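Given next are the chains, with one letter for each unit.
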Amino acid sequence: MPEPTTPDRSDTPAVALGPTAFALGAASVAVAHVMFPWAILSGALAVTLGAAGIHHARQGTGRLWIAVTGTALGGLGFTGATTLLWSLGG
């Protein structure tokens, strides 16, 4: 009978929150002037997932700086696309 192994702290899904927030934030910034609804949606998701990633990273699980960067990029993409959409009167 094999011995049960204890899961490593890096095996949790919280480890993926920071890189996911970074990818969504980068996509939000990249398409902010082309596809407004997708930039707004991906920016909001990046901020949400990045904040959760920061929370988990401060408790010892996850990557702090990639979550902070993803949150910042998501906020930048969200506000940029929202401001551009608002200025166009839409």
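Cut-offs applied
- Residues numbered from 1 in each chain as written.
- Predicted model: local features only at pLDDT ≥ 70, side-chain atom pairs only at ≥ 80, totals over all residues.
- Heavy atoms only, no water.
- Helix = DSSP H or I, 4+ residues; strand = E, 2+ residues; numbered from the N terminus.
- Buried < 20%, exposed > 50% of the residue type's maximum accessible area, 1.4 Å probe, protein only.
- Contact = heavy atoms within 4.5 Å.
- Expected span 1.5 Å × (residues − 1).
- pLDDT = per-residue confidence, 0-100.
- Arc of directions from axis to C-beta.
- Axes fitted to C-alpha atoms, helices over the stretch in contact; angles between N-to-C directions.
- Parallel < 35°, antiparallel > 145°, perpendicular 65-115°, else oblique.
- Left-handed = near helix turned anticlockwise from the far one by under 90°.
- Nonpolar A, V, L, I, M, F, W, Y, C, P; charged D, E, K, R; others polar.
- Polar contact = N/O pair within 3.5 Å; in protein donor to acceptor, adjacent residues only side chain to side chain.

A.B. asks: Outline the overall build of the protein chain, listing residues and values.
C.D. replies: In terms of regular secondary structure, the protein chain is built from three helices and zero strands. The order of α-helices and β-strands along the protein chain, N terminus first, is α-α-α. Counting across all 90 residues of the protein chain, residues that qualify as buried make up 27%. For the protein chain, the proportion of contacts with a sequence separation of at least 24, taken over those separated by at least 6, is 74%.

A.B. asks: Tell me what's going on with helix H2 (residues 36-58), and back it up with residues and numbers.
C.D. replies: The first and last C-alpha atoms of H2 sit 33 Å apart over 23 residues, in line with the 33 Å expected at 1.5 Å per residue. Taken as a whole, H2 has its buried residues at Phe36, Ala39, Ser42, Gly43, Ala46, Gly50, Gly53, Ile54 and Ala57. Along its buried surface, H2 packs onto helix H1 (17-30) and helix H3 (64-87).

A.B. asks: Help me get a handle on the confidence of the model for the protein chain, residues and values and all.
C.D. replies: Scored by pLDDT, the protein chain has a mean of 89; 87% of the residues are at 70 or more. Element-level mean pLDDT values for the protein chain span from 94 in H3 up to 96 in H1.

A.B. asks: Explain H1 to me, and be specific about the residues and the numbers.
C.D. replies: For H1, built from 14 residues, the straight-helix expectation of 20 Å at 1.5 Å per residue is met to within 8% by its first-to-last C-alpha distance of 20 Å. All of the buried residues in H1 are Leu17, Gly18, Ala21, Gly25 and Ser28. The arc enclosing the buried residues of H1, seen along the axis, measures out at 90 degrees, which places them on a common side.

A.B. asks: Go over the packing of H1 against H3, please, and point to the residues and values.
C.D. replies: The contact between H1 and H3 brings their axes to 7 Å, and the two run at 25 degrees. With respect to H3, the element H1 is oriented roughly parallel. Considering only the axes of H1 and H3, their crossing is left-handed. From H1, Gly18, Pro19, Ala21, Phe22, Gly25, Ala26, Ser28 and Val29 reach across to H3, where they touch Ile66, Ala67, Thr69, Gly70, Leu73, Gly74, Leu76, Gly77 and Phe78. A per-class count over the contact of H1 with H3 returns ten nonpolar, seven polar and no charged.

A.B. asks: Account for the side chain of serine 42, naming residues and giving values.
C.D. replies: Inspection of the secondary structure puts serine 42 in helix H2. By relative accessible area, serine 42 is classed as buried at 11%. A distance of 3.4 Å separates a polar side-chain atom of serine 42 from the backbone oxygen of alanine 39. Once you skip the residues sitting within four places of it in the chain, serine 42 turns out to touch Leu24, Ala27 and Ser28.

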